[in-house]
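# Analysis of the macromolecular model
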Amino acid sequence: MATSGKARAHTNIALIKYWGKANEEEIIPMNNSLSVALDRFYTETKVTFSETYDKDVLILNGEEVSDKESVKIRRFMDIVREKGQTSDYALIESENFVPTAAGLASSASAYAALAAACDEALHLQLSPKDLSRLARRGSGSASRSIFGGFVEWEKGTDDQTSYSHPVETDNWEDDLAMIFVVINDQSKSVSSRAGMSLTRQTSRFYQYWLDHVDEDIAEVKRAIGEKDFKHLGEVIEANGLRMHATNLGAEPPFTYLVPESYQAMQVVHECREQGHLCYFTMDAGPNVKILVEKENVDAVVDALHQHFDKEKIITSDITRSGVEIIE
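Residues numbered from 1 in each chain as written. Predicted model: local features only at pLDDT ≥ 70, side-chain atom pairs only at ≥ 80, totals over all residues. Heavy atoms only, no water.

The name recorded for the protein in an unreviewed UniProt entry is diphosphomevalonate decarboxylase, from Staphylococcus argensis. UniProt's Sequence similarities (unreviewed entry) comment on the protein is quoted here verbatim: "Belongs to the diphosphomevalonate decarboxylase family." (UniProt positions renumbered as here; feature names shortened; annotations may be inferred.)

Dropping the structure here:
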């Protein structure tokens, strides 16, 4: 007998970064992180379990993914099967409305949607906390995509204590937006997983990073509570730059940033000088994300268009919607 479930999850962008794992297999991070969920980028996934299938099959955007590329998904599905006490394989049909591997955190929405769809299909009835823990086993940032708005991922010390939860905001995120400068929409030469592993093991700057993350988290939560956009922006901008600095201290050194990344950062500085408050952040990739109050979106976009093609600039509202089941 076949059972199925379908879910939608939005991607998130880390404002305070997760960089480095304490436990590679269970994806337990070295530090807490804090993100915001995006309305425009999301994944919809349908999962069908059946005793007639002889392996897990992933259909991504209408095309079957090769066995070699499906290894990570199948490892996650083994965790799901153990939790659901079933031996059935699954057909996974996923539509990704996020540029895959382009630094826009596509894996976050993908595994959050997959976890929720599996929960529905197997009638696991997981709590949001437990769903966050399950999604984390596929991709660390997916732990945060279970929820909307501002979300903190508690690093914890093991599988039970590492999960995400919403940060109370009094709906302040409705006044905010994020602008993306998509400099490169191709797969990265150094994956996030490889980059953070090399940095944690070899970077002489890494301990400095760890020593300041808790302080950054506390300051961002205070700024959110006080709706202090300027302080929020200053902290997240510094945190993002500090993360990228750790990569330059790795052996061998590496960077995800390219000249166009620095050009976008310069535009942000110029916008601030003109009174349009906005602040940048970058994940493990060259693309620049700009947090801005909605009233300043048009001015910042116009400034970016002087340096970047219009199709490279994408704007998204912040969403308070967490993962949801689709009938």
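### With respect to the overall build of the protein
Scanning the protein from terminus to terminus reveals eight helices and 14 strands. Here the C-alpha atoms of the protein give a radius of gyration of 19 Å, agreeing with the 20 Å that 2.2 N^0.38 yields for 327 residues. In terms of overall dimensions, the protein has a C-alpha envelope of 65 × 40 × 35 Å along the principal axes. The proportion of buried residues among the 327 residues of the protein is 54%. Sequence-distant contacts, at least 24 apart, represent 76% of the contacts inside the protein between residues at least 6 apart. Put simply, the protein shows about 14300 Å² of open surface, and 45% of that area lies on carbon and sulfur atoms. (Helix = DSSP H or I, 4+ residues; strand = E, 2+ residues; numbered from the N terminus. Rg over C-alpha atoms; globule rule 2.2 N^0.38 Å. Buried < 20%, exposed > 50% of the residue type's maximum accessible area, 1.4 Å probe, protein only. Contact = heavy atoms within 4.5 Å. Areas by Shrake-Rupley, 256 points an atom, 1.4 Å probe, with all protein chains shown as cover.)

### Considerations on the packing of aromatic side chains
Under the criterion given, the structure shown has eight aromatic pairs. Aromatic side chains W19 and Y256 sit 6.3 Å apart centroid to centroid with 80° between the ring planes, which places their arrangement in the edge-to-face category. Taken together, the residues W19 in the loop between strand 1 (3-16) and strand 2 (21-23) and Y256 in the loop between helix 6 (229-248) and helix 7 (259-273) connect sequence positions 237 residues apart. Each member of the pair, W19 together with Y256, is buried. Both rings, one in F41 and one in F180, keep their centres 4.8 Å apart while their planes meet at 85°; by these two values the pair is edge-to-face. One end of the pair, F41, is in strand 4 (residues 33-50); the other, F180, is in strand 10 (residues 176-181), and 139 residues separate them in sequence. A residue is classified by how much of its surface remains accessible, and F180, at 1% relative accessible area, is buried. One cation-aromatic arrangement involves R8 over Y42; the distance from NZ or CZ to the ring centre is 5.8 Å. (Phe/Tyr/Trp six-rings, centres within 6.5 Å; stacked < 30°, edge-to-face > 60°. Lys NZ or Arg CZ within 6 Å of the ring centre and 35° of its normal.)

### Here we look at the packing of helix 1 (residues 71-84) against helix 2 (residues 106-121)
Here helix 1 crosses helix 2 at 35°, and the two axes come no closer than 11 Å. Once helix 1 is placed against helix 2, the crossing between them reads as right-handed. Contact residues: K72, I73, F76, M77 and V80 in helix 1; Y111, L114, A115 and C118 in helix 2. (Axes fitted to C-alpha atoms, helices over the stretch in contact; angles between N-to-C directions. Left-handed = near helix turned anticlockwise from the far one by under 90°.)

### Section: the nonpolar core
Across soluble globular proteins, nonpolar side chains have a tendency to be buried as a group. The biggest cluster of nonpolar side chains holds 42 residues, and the ones touching the most others in it are L34, F150, M178 and L232. The leading source of residues in this core is helix 5 (residues 206-226), at eight residues. Ranked by size, the runner-up nonpolar core spans 32 residues in total, among them A7, V47, Y111 and A142. (Core = buried A, V, L, I, M, F, W, Y, C linked by side-chain atoms within 4.5 Å.)

### Notes on the pattern of salt bridges
Enumeration according to the criterion identifies 21 salt bridges in this entry. Its salt-bridge partner being E251, residue R204 comes within 3.2 Å of it at the nearest N-O pair. Remark: E251 occurs in the loop between helix 6 and helix 7 and R204 occurs in the loop between helix 4 (192-202) and helix 5; sequence separation between them is 47 residues. The class of E251 is partly exposed, set by a relative accessible area of 46%. Between R222 and E226 there is a salt bridge; the shortest N-O distance is 3.6 Å. Of the two residues, R222 and E226 both sit in helix 5, four residues apart, roughly one turn of that helix. Connected through salt bridges with shared partners, the residues D130, R133, R136 and D159 form a single ionic network. (Salt bridge = Lys/Arg side-chain N within 4 Å of Asp/Glu carboxyl O.)

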